[in-house]
Amino acid sequence: MPTQTSAADDRADRPLRVLLAGGGTAGHVNPLLATAAALRDAASGGDPGTSILVLGTKEGLEQRLVPEAGYELAHVPRVPMPRRPTGDLLLLPRRLRGAVAAAAEAIRQVEADVVVGFGGFVSTPAYLAARSAGVPVVIHEQNARPGLANRLGARWAAAVALTFASTPLAAAHGRTEVTGLPLRPAIGSLVERQRADVVGARRAGAAALGLDPAATTVLVTGGSLGAQHLNEVMCECADRLPADLQVLHLTGRGKDAPVRAALERAAARTPGLMERYHVLDYLTEMEQAYACADGVICRSGAGTVAELTALGLPALYVPLPIGNGEQRLNAADCVSAGGGQLVADADLDAEDILGFTAVLTDESRRRSAAAAAASTGVRDGAQRLAALIREVAAAGCGDAAAAADNGAPADPSSGSATGDFGGIAAPGEPAGIKDVADIDDFEGKEQSR
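First, a word on what this report is: a plain description of the structure on this page. Predicted model only: the values in this text are computed from it and were never measured. (Residues numbered from 1 in each chain as written. Predicted model: local features only at pLDDT ≥ 70, side-chain atom pairs only at ≥ 80, totals over all residues. Heavy atoms only, no water.)

**Digging into the overall build of the chain**
Then, in step 1: Each helix and strand in the chain was counted, giving 18 helices and 13 strands.
Then, in step 2: Out of the 449 residues belonging to the chain, those deemed buried represent 54%.
Then, in step 3: A fraction of 68% describes how many contacts in the chain between residues 6 or more apart in sequence connect residues 24 or more apart. (Helix = DSSP H or I, 4+ residues; strand = E, 2+ residues; numbered from the N terminus. Buried < 20%, exposed > 50% of the residue type's maximum accessible area, 1.4 Å probe, protein only. Contact = heavy atoms within 4.5 Å.)

**So, helix α7 (residues 185–209)**
Then, in step 1: With 25 residues, α7 should cover 36 Å at 1.5 Å per step; its first-to-last C-alpha distance of 20 Å lies more than 12% under that length.
Then, in step 2: At Asp197, α7 is bent by approximately 125°, the largest bend along its length.
Then, in step 3: Residues of α7 that are buried: Ile187, Leu190, Val191, Gln194, Ala201, Arg202, Gly205, Ala206 and Leu209.
Then, in step 4: Where the residues of α7 are buried, they touch β8 (216–221), β9 (245–250), β10 (277–280), α11 (286–292) and α12 (302–311).
Then, in step 5: Where α7 terminates, the next one or two residues include Gly210, which has phi positive at roughly 70°. (Expected span 1.5 Å × (residues − 1). Bend = angle between axes of the 7 residues up to and from the residue.)

**Observations concerning unusual backbone geometry**
Then, in step 1: If you check the backbone angles, Glu111 has positive phi at about 55° while not being a glycine.
Then, in step 2: Along the polypeptide, Glu111 turns up in the loop between α4 (87–110) and β4 (114–117).
Then, in step 3: Using a relative accessible area of 46% as the deciding quantity, one classes Glu111 as partly exposed.

**What to know about the nonpolar core**
Then, in step 1: Ranked by size, the top nonpolar core spans 36 residues in total, and within it Leu19, Leu55, Ile107, Val115, Val137, Ile139 and Val160 carry the most contacts.
Then, in step 2: No other element matches the 8 residues that α4 contributes to this core.
Then, in step 3: Setting aside its immediate chain neighbours within four residues, Leu19 contacts Leu53, Val54, Leu55, Ala103, Ala106, Ile107, Val110, Ala112, Val114, Val115 and Val116.
Then, in step 4: Val191, Ala201, Leu308 and Leu313 belong to the second largest nonpolar core, which has 33 residues in total. (Core = buried A, V, L, I, M, F, W, Y, C linked by side-chain atoms within 4.5 Å.)

**A few points about the side chain of His278**
Then, in step 1: Residue position: His278 is located in strand β10.
Then, in step 2: In this structure the side chain of His278 is engaged in a polar contact, spanning 3.2 Å, whose partner is the backbone oxygen of Glu275.
Then, in step 3: The contacts of His278, once residues within four sequence positions are left out, are Gly210, Leu211, Gln246, Val247, Leu248 and His249. (Polar contact = N/O pair within 3.5 Å; in protein donor to acceptor, adjacent residues only side chain to side chain.)

**A word on helix α16 (residues 363–375)**
Note that an α-helix has 3.6 residues per turn; residues three or four places apart therefore point the same way.
Then, in step 1: The terminal C-alpha atoms of α16 lie 18 Å apart, and with 13 residues this matches the ideal 18 Å at 1.5 Å per residue to within 8%.
Then, in step 2: By the burial criterion, the buried members of α16 are Arg366, Ala369, Ala370, Ala372 and Ala373. Projected down its long axis, α16 carries its buried residues within an arc of 160°, all on one side. Opposite its buried face, α16 presents the exposed residues Ser364, Arg367 and Ser375, each directed more than 90 degrees away. (Arc of directions from axis to C-beta.)

**Overview of the packing of aromatic side chains**
Then, in step 1: In the structure shown here, the tally under the stated rule is 0 aromatic pairs.
Then, in step 2: Arg131 extends its terminal NZ or CZ atom over the ring of Trp156, reaching a point 4.6 Å from the ring centre.
Then, in step 3: Of note, Arg253 hangs over the ring of Tyr282, and the distance from its end group to the ring centre comes to 3.7 Å. (Phe/Tyr/Trp six-rings, centres within 6.5 Å; stacked < 30°, edge-to-face > 60°. Lys NZ or Arg CZ within 6 Å of the ring centre and 35° of its normal.)

**Let's talk about the environment of Ala157**
Then, in step 1: With respect to the secondary-structure elements, Ala157 resides in the loop between α6 (148–153) and β6 (159–162).
Then, in step 2: Between the C-alpha atoms of Ala157 and Val116, which are 41 residues apart in sequence, the distance is 9.7 Å.
Then, in step 3: When neighbours within four sequence positions are excluded, Ala157 is seen to be in contact with Val137, Ile139, Ala171 and Gly174.

**What about the pairing of β4?**
Then, in step 1: In β4, alternate side chains face the same way, and those of Val114 and Val116 on one face and Val115 and Gly117 on the other are all buried.
Then, in step 2: When strand β1 (residues 17–21) meets β4, the two strands line up parallel, connected through 4 bridges. Among the inter-strand pairings, Leu20 is bridged to a residue of β4, identified as Val116.
Then, in step 3: Inspection of the sheet shows β4 paired to strand β5 (residues 137–141) by 3 bridges, in the parallel sense. Considered in β5, the bridge of Gly117 is made with Ile139.
Then, in step 4: You can see the chain leave β4, run along helix α5 (residues 123–133) and come back into β5, and the turn it takes is right-handed. (Pairing = 2+ DSSP bridges. Right-handed = clockwise from strand over helix to strand, strands pointing away.)

**Examining the environment of Val66**
Then, in step 1: Here Val66 lies in helix α3 (residues 62–68).
Then, in step 2: The exposure class assigned to Val66 is buried, which follows from its relative accessible area of 0%.
Then, in step 3: Separated by 12 residues in the primary sequence, Val66 and Val54 have C-alpha atoms spaced 7.6 Å apart.
Then, in step 4: With residues near it in sequence (within four places) discarded, Val66 still touches Val29, Leu33, Val54, Tyr71, Glu72 and Leu73.

See the structure below:
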């Protein structure tokens, strides 16, 4: 039987083998794919020979995005957590056992040295299977308010990586680091282009969108679906915006017509408004807009906050008014540093917009806010997380002892592997399945964008 030393020697003689678990939405899939790329990037310490298998569902965006990125996808059954004591709750143990068995098979398939989870219902069975198999777990938590899956896995994870320093999550027995969010390749590329030639990057972005690169520019976006109240407030104050301010307003799919109509009415009172107020319903290449923006009015999902702070863009954050409040918390570090302002959706009015745009058109105040935003941002989150994964795998520190203490069997596909799931809670939290009723993350209700 191989000894612990011989197993470590074997790892040192071959490329790393990794199972990446996450999916459902772009908010989970994009950081996962950025991390996968960093693990194989020789320029940042990775190994092109790294074996990577992604664990996801057939229903989520990963079904399309992962193969398109060139990675193999293994499937795990979707096991949402019932929010009320219905008949589905009685089916949970059996469904979860099936998901854990699928995760265990994926671990065996890639012969994983480490399992990396990005939260959500895909990660829960991966964490449980890894614990039973004695494979070390690395967790990445993107939101300032951690979800159930990551709170669960943190009990035995070898390492927990955070996007925000203020996130109340730590590895109970391992290490905890702030790595930032692994940025989408398009945003990471913009970061590098701005480092090399910020003026050139701005001109290229403006040219692609038909904007004036010399004009102070505010980007307004409520995400792909838009933000109705934000659109209404922008229309209300359009004719009162600073005369030297250029606006790029992304209204959300199918929501541009009312905004265009309101602008036409405002333009009758404000000469030149139509020339400097640009409306699109949706933009796929957000990096073009970021490249020529001086500030942003937007939601405060984890991905948005991470990207804006990495780019040093001050923002007026208007958190999504539903969910469990994580969007408000996501922006807290940046706002505290002076890199942004925070206004509840219901409270947003024209004075908030005018106050923020006044900052952008004052060069001194704008530069100060931009520097403050950048001070909380991380530009190399994917590289930091990849380095952490390599270190954990090299240490070979799977928490087998914790698995034994919790009564997990050697075979994670056996029925008892999830027998104590109902009693698992994060450190300091009450045990029992009732503790998860308010956790959106387990159901995949991703509010990261």
